[in-house]
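Examining the three-dimensional arrangement
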Amino acid sequence: MRFAKTPHGKIHYAVKGEGPPVVLIRGLGRWSAHWCGWDDMLAKSCKIITMDNKGLGLTTSPMRRSEE
C-alpha cells in the first residue's frame, strides 16, 4: 500500500498499469475501492492513479480539520 504523508495524516493511493498517467478521483463519499473494475480496464493502456479522499477508505487524514 502506498501513502502520501501530510501534516494531518496519510492519504492512500494506488498505481496500476503503464503509459500516460490518468488520475481517477471519486466523489460522493466513495473511495478508490469503488471503481467497479474501470481502473483495471484503463490500466491496460494507461498508468492509473487512484486515491482515497480525506476521511474515506484507507486515508487517515480527516475530512475536515477541527479548528483549535
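Above this text sits the structure in question.
Because the structure is predicted, anything quoted here is derived from the model rather than measured.

**Some points on the packing of aromatic side chains**
Scanning all chains against the criterion turns up zero aromatic pairs. Between the NZ or CZ atom of Lys10 and the centre of the ring of Phe3, over which it lies, the distance is 5.0 Å. Stacked on the ring of Trp35, the Lys or Arg Arg26 has its end atom at 4.7 Å from the ring centre.

**Remarks on the environment of Pro7**
Mapped onto the secondary structure, Pro7 falls in the loop between strand 1 (2–6) and strand 2 (9–16). Each C-alpha atom of the pair Pro7 and Ser61 lies 8.7 Å from the other, and the pair is 54 residues apart in sequence.

**Some remarks on the environment of Ile11**
Within the secondary structure layout, Ile11 lies in strand 2. Judged by relative accessible area, which is 18%, Ile11 ranks as buried. Residues contacting Ile11, with those up to four places away along its chain left out, are Arg2, Phe3, Ala4, Thr6, Met51, Asp52, Thr59 and Ser61.

**With respect to the side chain of Thr59**
Along the chain, Thr59 turns up in the segment after strand 4 (47–51). Contact partners of Thr59, with chain neighbours within four places excluded, come to Lys10, Ile11, His12, Asp52, Asn53 and Lys54.

**Overview of the nonpolar core**
The tendency in soluble globular proteins is for nonpolar side chains to be buried as a group. Judged by nonpolar contacts, Leu24, Trp35, Ala43, Cys46 and Ile48 together constitute the single largest core of five residues. Apart from residues no more than four positions distant in its own chain, Cys46 is found in contact with Lys16, Gly17, Glu18, Gly19, Pro20 and Val22.

Rules and cut-offs
Residues numbered from 1 in each chain as written. Predicted model: local features only at pLDDT ≥ 70, side-chain atom pairs only at ≥ 80, totals over all residues. Heavy atoms only, no water. Phe/Tyr/Trp six-rings, centres within 6.5 Å; stacked < 30°, edge-to-face > 60°. Lys NZ or Arg CZ within 6 Å of the ring centre and 35° of its normal. Helix = DSSP H or I, 4+ residues; strand = E, 2+ residues; numbered from the N terminus. Buried < 20%, exposed > 50% of the residue type's maximum accessible area, 1.4 Å probe, protein only. Contact = heavy atoms within 4.5 Å. Core = buried A, V, L, I, M, F, W, Y, C linked by side-chain atoms within 4.5 Å.

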